[in-house]
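As a plain string of letters, each chain reads:
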Amino acid sequence: DAGITQSPRHKVTETGTPVTLRCHQTENHRYMYWYRQDPGHGLRLIHYSYGVKDTDKGEVSDGYSVSRSKTEDFLLTLESATSSQTSVYFCAIKGTANTGELFFGEGSRLTVL
Amino acid sequence: QKEVEQDPGPLSVPEGAIVSLNCTYSNSAFQYFMWYRQYSRKGPELLMYTYSSGNKEDGRFTAQVDKSSKYISLFIRDSQPSDSATYLCAMSGTYSGGGADGLTFGKGTHLIIQP
């Protein structure tokens, strides 16, 4: 158990509304990631963080922003949700070994109507 | 050409069979290779990890890497219905501090073990 909690686990919202997903970790890991998973596309990196207030973009960052004000929390925000952002969102942390292994949360299922 | 190719399946085999799951890749810089298992409506969980070429065995699971052919495999012996899941391969290059050089994923193979 990597000590990752995602909230909310399920959310239905309407187009144009803001949405924030939260990832909370209990093990003080430096690197945290947000991925989305869609049929036919697999896992795609949205944003990642390498420390408090240090974040950078992944391959599908348009329409998303992130913040990390504390080591344990990494927030993903959709400023104005669109139907194309309907997806399952996974938070991940990098393990302590310097080999790139990631450990994932249980996912947040977002539906934008 | 995609960086990592993986047949999406579904792959359906009878209980007890040997399962072979495979990925091919194009980036010769990849050195760390992983297999993740993902049950329906769950997050991916790390199953096997290997570095560079060679084999690694863990119980009924064997991971194999052939860097010369840019081909990795996961073998499952004595397959069980509980092995039914989606299996994702993942790989990364030389570790340089994390960040976006983390992992490149295959799209996953959906495996069904028939009782």
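Residues numbered from 1 in each chain as written. Chains lettered and ligands numbered in written order. Predicted model: local features only at pLDDT ≥ 70, side-chain atom pairs only at ≥ 80, totals over all residues. Heavy atoms only, no water.

Q: Can you help me understand the pairing of strand β9 (residues 87-94) of chain A in this one?
A: In regular strands, side chains alternate between the two faces of the sheet. All names here are of chain A. Summarising burial for β9: eight of the eight residues are buried, a large majority. Burial along β9 is two-sided: the residues S87, Y89, C91 and I93 and V88, F90, A92 and K94 are all buried. Bridge analysis of strand β4 (residues 32-38) against β9 gives six bridges, and the strand direction is antiparallel. From the neighbouring strand, M32 faces β9, where its bridge partner is I93. Pairing analysis gives three bridges linking β9 to strand β11 (residues 108-112), with the strands arranged antiparallel. Bridged to Y89 within β11 is S108. Pairing of β9 with strand β10 (residues 102-104), which is carried by three bridges, proceeds in the antiparallel orientation. The residue bridging A92 from the neighbouring strand is F104, located in β10. (Buried < 20%, exposed > 50% of the residue type's maximum accessible area, 1.4 Å probe, protein only. Helix = DSSP H or I, 4+ residues; strand = E, 2+ residues; numbered from the N terminus. Pairing = 2+ DSSP bridges.)

Q: Looking at this model, I keep getting lost on the interface of chain A and chain B. Mind explaining?
A: In many analyses, interface size is given as the accessible surface area lost on bringing the parts together. Across the contact, 23 residues belong to chain A and 21 residues belong to chain B. Here chain A packs against chain B, burying approximately 1900 Å² in sum over the two surfaces, 57% of which is carbon and sulfur. At the boundary of chain A and chain B, one finds one salt bridge. The partner of E106 of chain A in a salt bridge is K42 of chain B, and the shortest N-O contact between them spans 3.4 Å. (Contact = heavy atoms within 4.5 Å. Buried area = accessible area lost by both parts, 1.4 Å probe. Salt bridge = Lys/Arg side-chain N within 4 Å of Asp/Glu carboxyl O.)

Read these as geometric descriptors, not functional statements.
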